[in-house]
Each structure stands twice: as structure tokens, then as C-alpha cells.
Amino acid sequence: MELDVIQNKIFEIRGFKVMLDFDLALLYNIENKRLKEAVRRNINRFPKDFMFELVEIEFNSLRTQIATSNRGGLRYMPFAFTEQGIAMLSSVLNSEKAIEVNISIIRAFVTFRQFSLTYSELKERISLIENQFPDIYKALNYLVEKDNVKETNNKRNKIGYKK
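Residues numbered from 1 in each chain as written. Predicted model: local features only at pLDDT ≥ 70, side-chain atom pairs only at ≥ 80, totals over all residues. Heavy atoms only, no water.

Chemist: I'm lost on the overall build of the protein in this one. Help?
Modeler: Secondary structure assignment for the protein yields seven helices and four strands. Scanning the protein from its N terminus toward the C terminus, one meets helices and strands in the order α-β-β-α-α-β-α-β-α-α-α. Expressed as a percentage of the 163 residues in the protein, the buried residues total 29%. Contacts in the protein between residues far apart in sequence, at least 24 positions, make up 71% of those at least 6 positions apart. (Helix = DSSP H or I, 4+ residues; strand = E, 2+ residues; numbered from the N terminus. Buried < 20%, exposed > 50% of the residue type's maximum accessible area, 1.4 Å probe, protein only. Contact = heavy atoms within 4.5 Å.)

This is the structure:
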């Protein structure tokens, strides 16, 4: 399973990185109805930080974000599963396909987490350098702005006689 496909199905809702039940059902190659059925039978395995049901406002804003249609008139709002909830799904669904897909999904979440740590570390280091060397930082900003102004001036039409 390709990580890009999975990463495109991960959204941030209520401060959690989550995947929605209908996307998971597609990945597991089962009906969404069966996935929800299995979860409801084992609801005690899914506390609020593992899985929650979207409210209509969240779903509508998410639907515009992913540019999908109304999905044929939903009776129930989708479930959103966090990384821990997806790991728990492998024990509920208990099939080879579910285990294989869960491994790929967990790898995608780990990749996201590594990227966010790297980005925050980089941002922190840049801030630290800016604070330690404010004069150098100001000089670099001046040079960058000076080059931008020079490019703008070169693009304008010249005034005067042609030779």
C-alpha cells in the first residue's frame, strides 16, 4: 500500500490526525456498514481519544475540503479514527487484509509525526540563531529585500531617448 494514498486520507479534526470510516472501509476492502457494525459491537475498545463521531458541521466543512459530493445521503455521521483507534481496528476486524492495511497506515502516521518534529526542530533552531545573532539576521534580510527591489526596478520600462 502506497504511503501517499494513505497520507491524502489523513485529516486534522478536533486537534487529532484522523482517518474517516469510509476511507478505511475502502482500504480494508469491506463495506462501510460492516466496519461500523464491528466498531459498535466493540465500542468499549474505542474511547474518545481513539474514535469519535463527527458532527454535521465538521462533516460539511470536511466535505468542502476534500471536494466530495453528499455521498448519497448519509444516515449516520462518519466515525473519525485516530492512530490508536486504527491500531485497535486490526483486533476488531481480524483479517489478513486488515493487518496489512493497518501496518501501512501506522507507517503513514509515523512519517507525519517525524516530519512535524523535524519541521518544529528546524523552526526552533532558526529562531535561536535569530536571537543569538540579530545583526547578521538584519543584514541578511536587508540583502534579500535589496535584491527584490532591484528585480522590480529592472522589470519596469526605461524612460528616455533610444540610442
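Chemist: Just to check I follow, could you spell out the pattern of salt bridges for this structure?
Modeler: Between side chains of opposite charge, a pair can form as their charged atoms come close. Scanning the model with the defined rule gives six salt bridges in all. Close ionic contact of R41 with E37 constitutes a salt bridge, the shortest N to O distance being 3.4 Å. Of this pair, R41 and E37 are both found in helix α3 (residues 32-41), four residues apart, which corresponds to roughly one turn of the helix. By relative accessible area, which is 64% here, R41 ends up exposed. Here the salt bridges share partners, and the residues they tie into one network are R34, E37 and R41. (Salt bridge = Lys/Arg side-chain N within 4 Å of Asp/Glu carboxyl O.)

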